[in-house]
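The lines below spell out each chain.
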Amino acid sequence: MSITKRFIIALIFSLPMLIQMVLMPWGVMLPGGHFTQLGLTTVVMLVAARPFLQSAWASFKKHHSNMDTLVAIGTVTAYSYSIYAMITGQAVFFESAALVVTFVLLGQVFEERMRRNASNAVEKLMNLQAKDAEVIRDGQTVVIPLAQVVAGDVIRVKPGQKIAVDGTIIEGTSTIDEAMVTGESMPAVKKVGDKVIGATMNQTGTFLFRADKVGNDTMLAQIVALVKKAQTSHAPIQNLTDKVSDIFVPVVLIISILTFMVWFSLLGASLGVSLIFAVSVLVIACPCALGLATPTALMVGTGRSAKLGVLIKNGDVLEAVNDVKTVVFDKTGTITVGQPVVTDIVGDQTATLKIAAALEASSEHPLATAIIKRAEADQVQSTAQLADFKAIEGKGVTATLDQATAFVGNDKLLADATISATLKAEMRRLQNEAKTVVLVGMNQQVIGLIAIQDTPKATSQAAIQALKERGLKTVMLTGDNQLVAQAIAKQVGIDQVIADVLPSDKAAHVQALQKNGKVAFVGDGINDAPALTAADVGIAMGSGTDIAIDAGGIVLVKNDLRDVVTALELSQKTFDRIKLNLFWAFVYNVLGIPVAAGLFYTLGITLSPELAGLAMAFSSLSVVTSSLLLNRTRLKSQQRTVAA
Amino acid sequence: MAQISVLIVGMAAIGFILWWFFGHHATQATVAQVTDQEQSVDILVNGGYSPEKVVLKQGVPATLNFTRQDASSCLDHVVFPDFGINQALPRGQKVAIKIDTDQAGDYTWACGMDMFHGKLVITK
């Protein structure tokens, strides 16, 4: 029988007794007196309370105890004593037994619902998946279920359709809403060669893509796996409740017996009164609230953060975040975009870019890529004939371009070429900004300069500002040289720069910083993995390597540093909620048990078993409700995103 | 007189509770039977887990079959924190849970409220 059914039966049969209790002062009594009460309560005990008794007995045989033990002993005591009292003509309290069962079941009905709410983040994520996909096989378009899609399949996606799996676009362009997976609110423009993520929504165009990852390898599947693990993980703070819950029920049983002994033997109260106090003690003590305090908050907190594109891997991380004093960033790919871009062009813009692009066209050097990208963006195309292409070792390249000798390279070329004073001054200025300067010239004369730099992401500065506002120290740890590191640090407002660090020394630097408090490390590369592990909290960028993602305790799906702030804030909120829950759960018992035992009897404060039952139901409910409220707490970092 | 006897019986009851719940009582451990490169253990959920300790062999695909008889809502989920498993156990139904046995070690499982515990040992 379901808990809900048991509750309804208990309610129907105990309602007449509840009404009698309320109307007693006006002399209203149930017809049939004690016999009616006995009949009603017997039904409640046999039908609604029997599972409590069975469970209590089953665990007793195994030397275990649980909340059912308390409810079973409490109600059976009240029930059996009342039968004895009825026979001997004393005051009965059948209604206590019946109402305690009803209230405890009421609590469980709500609790069951709410627990389901707390854990449905994973289900919601799973439901994001597309149901089927239009696959092109043997030149034919066929619609097949998602499970049958294999890596290498070419899939067509029309506007308004969900993308089935992770892949790469091979034909067409479109804008794609990736909010459901990455939390990024702006739709992304995607063209041939761009990656698409399964379960995201295609908006405007039709395109074909090749499936790269299917089944358990897709980003969504991996997110789901991570969230599941996080939700079931243990927070270290829980060790306390583990210990308490092991001894909790037997201790309450002993307190209850002591209560009875004190009232009956030492204070000379009647058997009935003494029993009432003992039963109240049993009923109010609720180990459930203690047990639910941490897991429900963890579930809601990690579920919500996953929706925002922040994957928190487990409870340990959540707890560690709380004491973080310093946030250390890797530079390349974390604070910066990770790819050099052209920042300045000095001299004749078009001519300079045209020559540079023509000469660098066949090179795969990152600097060359930056120049070619800029040329494409500015729609500068060279139609000139290129001949006698030559690389000058350590300096650059030259070639014959429209009968003239063109060159592109670094400042070592100045040995063979002349440069105007203005350009020379510009070159010094750009170099001082830690930019790499490329000289472009014709016939031994420098005609223009191109400055290239790996620039900070647009959001990095705001993120670091927000971290500072939270009172955190920010540090940049990079293998790059001091000049470049300083320039970037200045642009984004980082407090301290540690440059020229060998990859193998990154972890050691993190450990040194740990002397001043807990450290969070944010990074993305393979070389960051040791530092991510060494830090108290490792935060890996989602774009990073798998190794970095494995090493991190938190993964940022969007690659936006502002999510570091979100991650810290949400972790802190979740952990605070766990502490609050535990506090309430303990307070309930620490205050409730003495009151129920009649310690404040002289002050006129007592707790009848039925009120104790209600209080207990309420305690579990309030803990679960408090956890669910985490879904609604306001996050400063999110408000900022909306405003921006 | 009644007062004195209540005191005596009460003390005896407390003594019994201490011995029964905190005294050392042997728990049963079950070693999984390996057949055709598969291993499985049936676990009965009734007032706790029987057996409470399960020994599996590393590298052999394993299934734990939980059957819940107990009506208590305490036991209606089983959680393996190390494996990211949080599985509902409908009453009276056999629920198979696959365990990844790649890593040897000691693991635990617990009920949804972390009141009842079981131990899982994966041996080399």
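Residues numbered from 1 in each chain as written. Chains lettered and ligands numbered in written order. Predicted model: local features only at pLDDT ≥ 70, side-chain atom pairs only at ≥ 80, totals over all residues. Heavy atoms only, no water.

### Quick notes on the overall build of chain A
A count of helices and strands for chain A gives 24 helices and 22 strands. Taking the principal axes of the C-alpha coordinates as reference, chain A spans close to 125 × 65 × 45 Å. Pairs at least 24 apart in sequence give 68% of the contacts found in chain A among residues at least 6 apart. Counting every atom, chain A has about 28000 Å² of accessible surface; 59% of that belongs to carbon and sulfur. If you average the places of the 54 positive and of the 52 negative side-chain charges in chain A, the two averages end up 6 Å apart. (Helix = DSSP H or I, 4+ residues; strand = E, 2+ residues; numbered from the N terminus. Contact = heavy atoms within 4.5 Å. Areas by Shrake-Rupley, 256 points an atom, 1.4 Å probe, with all protein chains shown as cover. Lys, Arg positive; Asp, Glu negative; His and termini not counted. Charge placed at Lys NZ, Arg CZ, Asp CG, Glu CD.)

### Structural notes on the sheet that holds strand 5 (residues 53–57) of chain B
Residue and element names in this part refer to chain B. Strands sit in the order 1-5-11-10-7-8 across an open sheet of six strands; the sheet is mixed. Of all the strands in the sheet, just strand 1 (29–31) and strand 8 (85–88) have a single pairing partner and so form its edges. Averaged over all neighbouring strand pairs, the angle between strand axes comes to 20°, with direction disregarded. Pairing of strand 10 (residues 105–111) with strand 11 (residues 117–123) involves six bridges; the strand directions are antiparallel. Its bridge partner lying in strand 11, G105 is registered against I122. (Pairing = 2+ DSSP bridges. Axes fitted to C-alpha atoms, helices over the stretch in contact; angles between N-to-C directions.)

### Describing the nonpolar core
The biggest cluster of nonpolar side chains holds 142 residues, and the ones touching the most others in it are F66, F80 and I99 of chain B. Top element by residues in this core is helix 22 (residues 562–596) of chain A. It accounts for 11 residues. Setting aside residues no more than four positions away along its own chain, F66 of chain B makes contact with I43, V45, Y49, V78, F80, L89, Q93, K94, V95, I97 and W109 of chain B. In terms of nonpolar packing, the next biggest core, distinct from the first, is built from 29 residues, V122, L220, A306 and F521 of chain A among them. (Core = buried A, V, L, I, M, F, W, Y, C linked by side-chain atoms within 4.5 Å. Buried < 20%, exposed > 50% of the residue type's maximum accessible area, 1.4 Å probe, protein only.)

### Things to note about the packing of aromatic side chains
Taken as a whole and judged by the stated rule, the model has 23 aromatic pairs over all chains. When the ring of Y49 of chain B is compared with that of F66 of chain B, the centres are 6.0 Å apart and the planes differ by 85°; the resulting orientation is edge-to-face. Here Y49 of chain B is found in strand 4 (residues 49–50), whereas its partner F66 of chain B is found in strand 6 (residues 62–68), with 17 residues between them in sequence. Ring-pair connections join several aromatic residues into one group, and the members of that group are W57 and F60 of chain A together with F16, W19, W20 and F21 of chain B. The positively charged end of R6 of chain A is found above the aromatic ring belonging to F52 of chain A, 4.9 Å away from the centroid. (Phe/Tyr/Trp six-rings, centres within 6.5 Å; stacked < 30°, edge-to-face > 60°. Lys NZ or Arg CZ within 6 Å of the ring centre and 35° of its normal.)

### Focus on the UniProt feature "transmembrane region" (unreviewed entry) in chain A
All names here are of chain A. The UniProt entry lists residues 7–28, 34–53, 65–85, 91–110, 247–269, 275–298, 582–605 and 611–630 under the feature "transmembrane region" (unreviewed entry), expressed in the numbering used here. When the span residues 91–110 is considered, its composition is 85% helix and 0% strand, and the gap between its end C-alpha atoms is 33 Å. Helix makes up 62% of residues 582–605 and strand 0%, and the two end C-alpha atoms of the span are 25 Å apart. (UniProt positions renumbered as here; feature names shortened; annotations may be inferred.)

### Looking at the interface of chain B and chain A
When the parts of a complex come together, some accessible area is lost, and that lost area is often taken as the interface size. Each partner contributes residues to the interface: chain B has 42 residues there, and chain A has 46 residues. Counting the surface lost from both chain B and chain A, the interface buries some 3600 Å², and carbon and sulfur atoms represent 66% of this. For the chain B face of the interface with chain A, the top three residues by lost area are F21, M113 and M115 of chain B, together amounting to 18%. Our count for the chain B to chain A interface comes out at zero salt bridges. For the pair chain B and chain A, the interface holds seven residue pairs in polar contact (both at pLDDT 80 or more). Going through the elements one at a time, helix 1 (2–22), strand 4, strand 7 (77–80) and strand 8 of chain B are the ones with two or more residues in the side of chain B that touches chain A. For the side of chain B that touches chain A, the residue count by class is 22 nonpolar, 14 polar and six charged. (Buried area = accessible area lost by both parts, 1.4 Å probe. Salt bridge = Lys/Arg side-chain N within 4 Å of Asp/Glu carboxyl O. Polar contact = N/O pair within 3.5 Å; in protein donor to acceptor, adjacent residues only side chain to side chain. Nonpolar A, V, L, I, M, F, W, Y, C, P; charged D, E, K, R; others polar.)

### Let's talk about a nonpolar patch on the surface
All names here are of chain A. On the surface, a nonpolar cluster with roughly 700 Å² of combined accessible area is contributed by L11, L15, I19, M21, V22, L23, W26 and V28. Here W26 lies in the loop between helix 1 (3–23) and helix 2 (33–48). Note on W26: relative accessible area 66%, which makes it exposed. (Patch = residues over 30% accessible without salt bridge, like charges linked within 9 Å, V, L, I, M, F, W, Y side chains within 5 Å.)

### Quick look at the confidence of the model for chain A
All names here are of chain A. The predicted model of chain A averages 84 in pLDDT, with 97% of residues at 70 or higher. Ranking the elements of chain A by mean pLDDT puts helix 24 (residues 636–643) last with 56 and strand 18 (residues 473–477) first with 93. The low-confidence segment residues 640–644, where pLDDT is below 50, has three contacts with residues more than four positions distant or belonging to other chains. (pLDDT = per-residue confidence, 0-100.)

### Some remarks on the UniProt feature "transmembrane region" (unreviewed entry) in chain B
Taking the numbering used here, the UniProt-annotated feature "transmembrane region" (unreviewed entry) corresponds to residues 6–22 of chain B. Along residues 6–22 of chain B one finds 100% helix and 0% strand; the C-alpha atoms at either end are 23 Å apart.

### Examining empty space enclosed by the protein
Residues and elements named next belong to chain A. With the rule as written, the count across this model stands at three cavities of 30 Å³ or more. In this structure, the largest cavity spans a volume of roughly 70 Å³. Taken together, 11 residues make up the lining of the largest cavity; nearest its centre are V104, Q108, E111, M616 and S620. Listing elements by their share of the lining of the largest cavity, those giving two or more residues are helix 5 (94–118) and helix 23 (609–628). For the lining of the largest cavity, the element with the most residues is helix 5, which contributes four residues. Partitioned by chemical class, the residues of the lining of the largest cavity number six nonpolar, four polar and one charged. (1 Å grid on protein atoms, 1.4 Å probe; cavity = no way out; pocket = protein on both sides within 12 Å on 5 of 7 lines; lining within 4 Å. Points joined across faces, edges and corners; volume = space filled by probe spheres on them.)

### Thoughts on the environment of A615 of chain A
Residue and element names in this part refer to chain A. Its place among the elements puts A615 in helix 23. Along the chain, A615 and H63 lie 552 residues apart, while their C-alpha atoms are 28 Å from each other. When neighbours within four sequence positions are excluded, A615 is seen to be in contact with I284 and Y588.

### Quick look at the pattern of salt bridges
Residue and element names in this part refer to chain A. Tallied over the full model, the rule gives 17 salt bridges over all chains. A salt bridge links K158 to E134, with the nearest nitrogen and oxygen atoms 3.3 Å apart. Of the two residues, K158 sits in the loop between strand 3 (154–157) and strand 4 (166–171) while E134 sits in strand 1 (residues 132–137), which places them 24 residues apart along the sequence. The class for K158 is partly exposed, based on a relative accessible area of 37%.

### A word on the packing of helix 11 (residues 287–307) of chain A against helix 22 of chain A
Residues and elements named next belong to chain A. As a packed pair, helix 11 and helix 22 sit with axes 9 Å apart at the nearest point and diverge in direction by 165°. In this view, helix 11 runs roughly antiparallel relative to helix 22, as classed from their interaxial angle. Seen along the crossing, helix 11 lies across helix 22 with a hand that is right-handed. Taking contact as the criterion, the partners of A289, L290, A293, T294, T296, A297, L298, G301, R304 and S305 in helix 11 are, on helix 22, L570, T574, R577, I578, N581, L582, A585, F586 and N589. (Parallel < 35°, antiparallel > 145°, perpendicular 65-115°, else oblique. Left-handed = near helix turned anticlockwise from the far one by under 90°.)

### A word on the pairing of strand 4 of chain A
All names here are of chain A. Judged from the five bridges that link them, strand 4 and strand 9 (residues 207–213) form a sheet pairing that is antiparallel. Across the sheet, residue T168 finds its bridge partner in strand 9, namely R210. As judged from the two bridges shared by strand 4 and strand 7 (residues 195–196), these two strands associate in the antiparallel manner. For T168, the partnering residue across the bridge sits in strand 7 and is K195.

### Quick word on the domain arrangement of chain A
Domain boundaries in chain A define domain 1 (150–213), domain 2 (310–334 + 458–564) and domain 3 (341–453). Distance between the C-alpha centres of domain 1 of chain A and domain 2 of chain A: 30 Å. (Domains from an automatic or database assignment.)

### Structural notes on helix 3 (residues 50–61) of chain A
Between the first and last C-alpha of helix 3 of chain A there are 17 Å, a value that for 12 residues agrees with the 16 Å anticipated at 1.5 Å per step. One or two steps after helix 3 of chain A, the chain reaches H63 of chain A, where phi turns positive at roughly 65°. (Expected span 1.5 Å × (residues − 1).)

### Considerations on the sheet that holds strand 2 (residues 140–145) of chain A
Residues and elements named next belong to chain A. Taken together, six strands build an open sheet; the order of strands is 2-1-3-9-4-7 and the sheet is antiparallel. The open sheet is flanked by strand 2 and strand 7, the only strands paired with a single partner. Pairing geometry for strand 1 and strand 3, over three bridges, is antiparallel. Bridge assignment links E134 to a residue of strand 3, and that residue is R156.

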